[in-house]
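Now for the letters of each chain:
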Amino acid sequence: MPDQRNDNTVNNTAITLPIALSLPIALSLESPFWNFSLSLWKHPEVQVSLLALQDQYGLKVNRLLLCCWLGLEQKELLADKLADDRLLDLWSDQTVTPLRNIRKQLKHIAPHHPELKATVQRAELQAEQIEQALLFQRVDHIAKLSAKQNTIQTVSLNLLSYSEQALTRNPQTSLEVIMPYLVSVVHATLPNYDRAFIKAYLSEIKSNR
């Protein structure tokens, strides 16, 4: 346990504290977006694709899910507005990501203490749910009603817009590299469309942007 006599030091070594954040008092954890995410997450292929996009290329699962849900709601993501939201970034970087990293580390450093990993995993899930609640609360700021004629177009445009924005932090990766994962996510969201059609559709939209 840290020395309680000084909250900012441990063994006389200064600690750099994270930038302060404060969650809104009114925050609904249950939302149509959360329910949609739970439903889509049941698809093993979606889990593999979303986690690959997150772990290998730096995209965020909750924001990819938001792209899909917004598309079903005929809303267009404003990727720049999303990227500029300071509270969302702080919550993700200071809470969700550290909990995820701790949970992953526990598999190796505490393999004989599964109850500890389970506790951290529950905390991680709650932090993810709060992140989704923040995203849902900000929909009017980070999205607008779409003028597109069909759902697949709004879903596809949202995913491409967010992916392009997110990959600016990883310029060595192109949209072409992650396209197979995006196809899988769109297919799970809109299973009535053939994968080949989705791939061609995404490529066409990308080339016309």
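Chains are numbered independently. Their residues run from 1 in the order of the written sequence. Local features in a predicted model are, by the rule used here, given only for residues with pLDDT of at least 70; side-chain atom pairs are given and counted only at 80 or more, and totals for whole chains, interfaces and linings are based on all residues. To get the side-chain values, all heavy atoms of the structure are used, and hydrogens and water are removed first.

### What to know about the environment of Leu59
Quick note on the threshold: Each helix is a run of DSSP H or I of at least 4 residues and each strand a run of E of at least 2, with the numbering of both proceeding from the N terminus. Relative accessible area decides the class of each residue, using a 1.4 Å probe on protein chains only: under 20% of the type maximum gives buried, over 50% gives exposed, and in between gives partly exposed. In what follows, residue pairs with any heavy atoms lying within 4.5 Å of each other are defined as contacts.
Counting through the fold element by element, Leu59 comes out in the loop between α2 (44-57) and α3 (61-72). Given the relative accessible area of 1%, Leu59 is considered buried. Taking the C-alpha atoms as reference, Leu59 lies 9.6 Å from Arg169; in sequence the two are 110 residues apart. Leaving out residues up to four positions away in the same chain, Leu59 has contacts with Leu53, Gln54, Leu64, Tyr162, Ser163, Ala166, Leu167 and Ile178.

### Some thoughts on the pattern of salt bridges
Counted only if it meets this: In the sections that follow, a salt bridge refers to a side-chain nitrogen of Lys or Arg positioned within 4 Å of a carboxyl oxygen of Asp or Glu.
For the structure on display, the rule yields 10 salt bridges. Measuring nitrogen to oxygen at the nearest pair gives 3.2 Å for the salt bridge that ties Lys104 to Asp55. Linking Lys104 in helix α5 (residues 86-109) with Asp55 in helix α2, this pair joins segments that are 49 residues apart in sequence. In this structure, the salt-bridge partner of Asp89 is Arg63, at a minimum N-O distance of 3.2 Å.

### Side note on the state of the cysteines
We count it as follows: When two cysteine sulfur atoms lie within 2.5 Å, the pair is treated as a disulfide.
All told, the structure shown has 0 disulfides when counted by the stated rule. Just so you know, Cys67 is unpaired, no disulfide at all, and the nearest cysteine sulfur is the one on Cys68, 6.6 Å from it. Look at Cys68 and you get buried, because its relative accessible area is 0%.

### A word on the environment of Leu87
Checked against the element boundaries, Leu87 lands in helix α5. The spatial distance from the C-alpha of Leu87 to the C-alpha of Pro111 is 34 Å, given a sequence separation of 24 residues. Leaving out residues up to four positions away in the same chain, Leu87 has contacts with Leu21, Ser22, Pro24, Leu134 and Arg138.

### Re the packing of helix α8 (residues 151-166) against helix α9 (residues 175-189)
Using the following cut-off: All axes here are fitted lines through C-alpha atoms, helices being fitted over the stretch that makes contact, and every angle between N-to-C directions spans 0 to 180 degrees. Handedness of each helix crossing follows the sense of rotation of the near helix against the far helix: counterclockwise by less than a right angle gives left-handed, clockwise gives right-handed. Residue polarity follows a fixed list, in which Ala, Val, Leu, Ile, Met, Phe, Trp, Tyr, Cys and Pro are nonpolar, Asp, Glu, Lys and Arg are charged, and the others, Gly among them, are polar.
As a packed pair, α8 and α9 sit with axes 11 Å apart at the nearest point and diverge in direction by 145°. Remark: the crossing between α8 and α9 carries right-handed chirality. Across the interface between the two elements, Ile152, Val155, Ser156, Leu159, Leu160, Ser163 and Glu164 of α8 pack against Leu175, Ile178, Met179, Leu182, Val185 and Val186 of α9. In terms of residue class, the contact of α8 with α9 is built from 10 nonpolar, 2 polar and 1 charged.

### Examining the packing of aromatic side chains
The condition is simple: Aromatic pairs are defined between Phe, Tyr and Trp rings, using the six-membered ring for Trp, whenever the two ring centres lie within 6.5 Å; interplanar angles under 30 degrees are classed as stacked, those over 60 as edge-to-face, and all others as tilted.
Under the counting rule described, the total for this entry stands at 5 aromatic pairs. Relative to Trp69, the ring of Phe33 has its centre 5.6 Å away and its plane inclined at 35°; by these criteria the two rings are tilted. One end of the pair, Phe33, is in helix α1 (residues 32-41); the other, Trp69, is in helix α3, and 36 residues separate them in sequence. Relative accessible area serves as the criterion here: at 6%, Trp69 is assigned to the buried category. When the ring of Phe197 is compared with that of Tyr201, the centres are 5.7 Å apart and the planes differ by 25°; the resulting orientation is stacked. Linking Phe197 with Tyr201, this pair stays in helix α10 (residues 195-208), spanning 4 residues, or about one helical turn. One aromatic cluster is present, formed by Phe33, Trp69 and Phe136 through successive ring pairs.

So yeah, pure geometry; function would need other evidence.
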